[in-house]
Structures are given as C-alpha cells and as structure tokens.
Amino acid sequence: MKYISVAVDGPAGAGKSSVSKAVAKSLGYTYIDTGAMYRAVALFAINNGIDAKNETEKLVSRLNEVEIDIKYTDEGQQIYLLGENVSKRIREEDVSVGASNVAVIPEVRKKLVELQRKMAESANVIMDGRDICSYVLPNADVKIFLTASAESRAKRRYDELCEKGIECDFEKIKADMEYRDKNDSQRAVAPLKKADDAILIDTTEYDFDGAVKLVKDLILEKT
Ligand code: DC
C-alpha cells in the first residue's frame, strides 16, 4: 500500500510542529517531529559529558549506544532515550543549542534519516524538520516550507516554553534562535533551505487556526 507523505521544513519557531501536529490530528495522519530526534542525540551528549561542538569524534564513536524510541499516546509523540521518556527535557534551551550542533555531524544525520524514512513507509505521515522536502522524503506528495519573521518566531518559542512551565528569557531565546538559524542554514550537510518544489507559507500574519487551515487545505487539494 502506498502511504501519503507530507514534508514540512522551515526555521525554528515558524510553527511547524504545532501546525503539523494539528493538521495530522485532523486528517488522521501520524505526525513525526524529526527535530526531537536531533534533540535526543544532543541530550545523550549532555548526559555523557560530551561537548558535541568540539568532541565530534567522541560522540560519533558512541552513536551506536544511542537508542531512540518514538511512541504515540493521547498526548502525541513521546520520545524515549535509552528507555527514558525525555519529551519534556529535550525542549530546554541547552538541548536546543546542542541539537543544532549535533545536526551538523554527517554520521548523526545518517542514523536519524534512516529511522525517519522507515517511519514514513508504514503510515500516512506529516514529517517536519529542515531537510525533509529536499533529502529525507524527496518524493513526498506535498512539500511545504513554513516560515515567519525572526521576531515573531522568537516570541512564539518564548510563549510555548512559558506555557510548558519552562523558565526562559526572551532575549536569550532570540539570540539562540539567530545562532541556530545561521548554523542550520550554513552547514555543509543538508542545510536548511527551501526545496525548489516546496510551497512557501509565511505564517507571520496568520494566527494558529489560520495557518492550520491553510496547510490542511493545501494537503487536501494535492492528495
Ligand atoms: O525543530 P527543532 O527546533 O526541534 O530542531 C532542533 C535542531 O535539530 C535544529 O537546530 C535543527 C536540527 N534539525 C535538523 O538539522 N534536521 C531536521 N530534520 C530536524 C532538525
């Protein structure tokens, strides 16, 4: 059976995950948050005292120990690292910055892309990330590049963390976001870039429901 796949790329805080999650729920698709996988690898590095930016070889030599499991519950995708549910911990700022650092390592990307492709083979999926349209699922039925202005993305990420009860500072989030934007779009392997055949959606002027409707209508039109 051929399953439908929807690929969504874009910078941090553009609303990819919240919009994709809502659209997946409404259409009965499985939502796959690939950023969570990079975050889990970053947490593995942190937990093992490995500086992912400067001790790349050390991390690569231990990648075979990194066991990531994804489970789906009423609360959505739950991510497990070595059997422990780390879904909340991976949202903290140290892991966000660490994820951007591990994401430049080709061996990390290879391992996670294999897992992502396998997941898309067995269900209708909406997968979000940075390289989904161009690299992970180049034959996706629908390809979307979701973006928004840097200021509104930082504000959204700040509100999201506050809502989850995670302590944070707006200026620090904005600075981290600028660091990650630069890191994610300038790295040599699979940089963040709109694929030529992806449809650009700028959500700066849309509220959440408006963005969800826009994406959902596009998927229904294309599939
Ligand atoms: O979407 P996010 O903020 O949870 O992603 C965390 C980091 O992982 C981000 O800095 C970029 C990286 N990432 C990536 O390189 N490729 C993906 N497919 C998903 C995320």
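Residues numbered from 1 in each chain as written. Predicted model: local features only at pLDDT ≥ 70, side-chain atom pairs only at ≥ 80, totals over all residues. Heavy atoms only, no water.

Caption draft 1: Structural context of empty space enclosed by the protein. The full count for this structure, using the stated rule, is one cavity of 30 Å³ or more. Taken as a whole, the largest cavity holds about 30 Å³ of empty space. Looking at the largest cavity, the residues that line it are Ala 150, Glu 151, Ala 154, Lys 174, Met 177, Glu 178 and Asp 181. Mapped by element, the contributors of at least two residues to the lining of the largest cavity are α7 (150-163) and α8 (170-186). Sort the elements by how many residues they give to the lining of the largest cavity and α8 lands first, with four residues. Class assignment for the residues of the lining of the largest cavity results in three nonpolar, no polar and four charged. (1 Å grid on protein atoms, 1.4 Å probe; cavity = no way out; pocket = protein on both sides within 12 Å on 5 of 7 lines; lining within 4 Å. Points joined across faces, edges and corners; volume = space filled by probe spheres on them. Helix = DSSP H or I, 4+ residues; strand = E, 2+ residues; numbered from the N terminus. Nonpolar A, V, L, I, M, F, W, Y, C, P; charged D, E, K, R; others polar.)

Caption draft 2: Representation of the layout of surface pockets within the structure. If you add up the space inside the largest pocket, you get close to 1,200 Å³. For the lining of the largest pocket, a count of residues per class yields 13 nonpolar, 13 polar and 21 charged.

Caption draft 3: Highlighting the packing of aromatic side chains. Following the criterion strictly, the structure yields one aromatic pair and no others. With centroids separated by 5.9 Å and ring planes inclined at 90°, the aromatic side chains of Tyr 158 and Phe 170 adopt a geometry described as edge-to-face. Of the two residues, Tyr 158 is situated in helix α7 and Phe 170 in helix α8; the sequence distance between them amounts to twelve residues. Assessed through its relative accessible area of 26%, Tyr 158 is described here as partly exposed. Its end group placed over the ring of Tyr 80, Lys 71 keeps NZ or CZ at 4.4 Å from the ring centre. Here the basic side chain of Arg 117 rests over the ring of Tyr 135, its NZ or CZ set 5.0 Å away from the ring centre. (Phe/Tyr/Trp six-rings, centres within 6.5 Å; stacked < 30°, edge-to-face > 60°. Buried < 20%, exposed > 50% of the residue type's maximum accessible area, 1.4 Å probe, protein only. Lys NZ or Arg CZ within 6 Å of the ring centre and 35° of its normal.)

Caption draft 4: Highlighting the sheet that holds strand β3 (residues 68-73). In spatial order, the strands read β3-β4-β5; together these three strands make up an open sheet with antiparallel pairing. Edge positions in the sheet fall to β3 and β5 (84-85), since each of these pairs with one other strand and no more. When strand β4 (residues 76-81) meets β5, the two strands line up antiparallel, connected through two bridges. Directly across from Leu 81, in β5, lies its bridge partner Glu 84. On the sheet, helix α2 (residues 34-47) packs against β3 and β4 and is oriented at approximately 30° with respect to β4. (Pairing = 2+ DSSP bridges. Contact = heavy atoms within 4.5 Å. Axes fitted to C-alpha atoms, helices over the stretch in contact; angles between N-to-C directions.)

Distances and angles like these do not, on their own, reveal function.
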